[in-house]
Amino acid sequence: MDLASAKVIGAGLAAIGVGMAALGVGNVFGSFLEGALRNPGAADGQQGRLFIGFAAAELLGLIAFVIAILILFVVK
Amino acid sequence: MAAEGGSGIDPMHQFRVEPLFGSGDWAIAGHNIAFTNSALFMVITLAVLWLFMLGGMKRALVPGRWQAAVEGMTSFVTNMMDANIGPQGRKFTPYVFSLFMFILFANLIGLFPLGVVPGWHPFTVTSHITLTAVLAFFSFGIVLVVGFLRHGFHFFSLFVPHGTPKVMIPLIFVIELASFLVRPFSLGLRLFVAMTAGHILLDVFASFVVQGLNAGGIGYGVSILSFIMIVGVSALELLVSAIQAYVFALLTSLYLNDAINLH
């Protein structure tokens, strides 16, 4: 298999990681909403932590995207 | 970057940094200082931000709408810093506020519909790792300076949490140190990739609209659907712009809290 094809396949596989990030981010927001519906009064105070959790889950997905870009454009 | 797709879709063209007004050759001591489209949009961001803040400086006791908007932004940032750092974080409010407002306005101006003028398009300055990494290293540098000035070598106790069993301290220290040193990279990378990915997505849908119109027949249906997607993704991108600016400022506050209050 030549390098160009292998690069494209590698980038496609790395994109699976980005899809897993969607699961992670959905998990964070879903848990927050579940708790917020049980205890609405306490929800507003925890919004900061919600976004910290979102940023952490999103970052790992973005790292998978960066690996895809590295494979496509930086590997010679 | 290679053109993607068979018919010359090039989603990366919008990120190209080009010198403007014939300034491509300007140089100081051998270093190129051309006035690029990136520099132009940073100046535009500065001008818009300056005008926004000027409009709110009237200091009326009962604020009008503009002043209320500016006060809403400042109170949002100061509340976030009070909640995360405490009273000692007050002196960092100008920095975090400037950071938050600059990133927010830069992200939003990148989404501005300048494209209705043929040949023009807005440039998202935060879609380049050069800018976001510099902002992240500013934050990280301030954290290091504040930490070492305040605590001296006791700052390293940050990497050994309370109640760690003595046997595990060497391993935990290395892990915490690595996690700490990754912070500036993750901070810059998060904003950069979020902005770049969002704009590539918009560009791909836009190219679908154009190619659908060129194809005719069922292409018109594809164009209409793609246009609806562009509207939806633009709304999402507005939200992501605000969230990423907030996350950058929030994490900067948290890292400052680590430096100021150690635990």
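Owing to the predicted nature of the structure, the values given are computational and were not obtained by experimental measurement. (Residues numbered from 1 in each chain as written. Chains lettered and ligands numbered in written order. Predicted model: local features only at pLDDT ≥ 70, side-chain atom pairs only at ≥ 80, totals over all residues.)

Quick notes on the overall build of chain A
- If you tally the helices and strands in chain A, you get 3 helices and 0 strands.
- Order of helices (α) and strands (β) in chain A, N terminus to C terminus: α-α-α.
- Taken against the 2.2 N^0.38 rule, which gives 11 Å for 76 residues, the C-alpha radius of gyration of chain A at 17 Å runs more than 25% over that of a compact globule.
- Seen through its C-alpha atoms, chain A measures out along the principal axes to roughly 60 × 15 × 10 Å.
- Partitioning the contacts of chain A with sequence separation of at least 6, the portion at a separation of at least 24 is 94%. (Helix = DSSP H or I, 4+ residues; strand = E, 2+ residues; numbered from the N terminus. Rg over C-alpha atoms; globule rule 2.2 N^0.38 Å. Contact = placed C-beta atoms within 7 Å.)

Description of the packing of helix H3 (residues 47-73) of chain A against helix H6 (residues 218-261) of chain B
- Interaxial distance between H3(A) and H6(B) falls to 10 Å at its minimum, and their mutual angle equals 100°. When the axis of H3(A) is compared with that of H6(B), the two are roughly perpendicular. For the pair H3(A) and H6(B), the contacting residues are A:Gly48, A:Phe51, A:Ile52 and A:Ala55 in the first and B:Ile243, B:Tyr246, B:Val247, B:Leu250 and B:Leu251 in the second.
- Grouping the amino acids of the contact of H3(A) with H6(B) by side-chain chemistry returns 8 nonpolar, 1 polar and no charged. (Axes fitted to C-alpha atoms, helices over the stretch in contact; angles between N-to-C directions. Parallel < 35°, antiparallel > 145°, perpendicular 65-115°, else oblique. Nonpolar A, V, L, I, M, F, W, Y, C, P; charged D, E, K, R; others polar.)

With respect to H3(A)
- Relative to the 39 Å expected for 27 residues at 1.5 Å per residue, H3(A) spans 38 Å between its end C-alpha atoms, a close match to the ideal helical length.
- The set of residues buried in H3(A) consists of A:Ala55, A:Ala57, A:Glu58, A:Gly61, A:Leu62, A:Phe65 and A:Ala68.
- Lining the buried residues of H3(A) we find helix H1 (3-38) of chain A together with helix H5 (169-215) and H6 of chain B. (Expected span 1.5 Å × (residues − 1). Buried ≥ 20, exposed ≤ 12 C-beta atoms within 10 Å, placed from the backbone.)

Digging into unusual backbone geometry
Residues and elements named next belong to chain B.
- If you check the backbone angles, Ala29 has positive phi at about 50° while not being a glycine.
- Within the secondary structure layout, Ala29 lies in the loop between strand S1 (27-28) and strand S2 (31-32).
- Note on Ala29: 5 C-beta atoms within 10 Å, which makes it exposed.
- One non-glycine residue, Arg59, adopts positive backbone phi at about 60°.
- Along the polypeptide, Arg59 turns up in the loop between helix H1 (37-55) and helix H2 (65-84).

A word on the interface of chain B and chain A
- Between chain B and chain A, the residue contacts involve 13 residues of the former and 10 residues of the latter.
- For the side of chain B that touches chain A, the elements supplying multiple residues, two or more each, are H5 and H6 of chain B.
- Broken down by element, the residue count for the side of chain B that touches chain A peaks at 6 residues, all from H5(B).
- Looking at the side of chain B that touches chain A residue by residue, the classes come out as 11 nonpolar, 1 polar and 1 charged.

Section: the nonpolar core
- Core analysis: the largest hydrophobic core is formed by 42 residues, its most contacted members being B:Val96, B:Leu99, B:Phe100, B:Ile103, B:Phe248, B:Ala249 and B:Leu251.
- Ranked by the residues each element gives to this core, the list is headed by helix H3 (residues 93-110) of chain B, at 10 residues. (Core = buried A, V, L, I, M, F, W, Y, C linked by C-beta atoms within 7 Å.)

Let's talk about the environment of B:Val43
- Residue placement: B:Val43 occurs in helix H1.
- Distance in space between the C-alpha atoms of B:Val43 and B:Phe173 is 43 Å, their sequence separation being 130 residues.

Topic: the packing of H2(B) against H3(B)
Residue and element names in this part refer to chain B.
- The geometry of H2 relative to H3 is characterised by a closest axis approach of 10 Å and an angle of 120° between their N-to-C directions. By the angle between their axes, H2 is oblique relative to H3. Along this stretch, H2 crosses H3, giving a crossing that reads as right-handed. On H3, the residues that touch Met73, Thr74, Val77, Thr78 and Met81 of H2 are Thr93, Val96, Phe97, Phe100 and Met101. (Left-handed = near helix turned anticlockwise from the far one by under 90°.)

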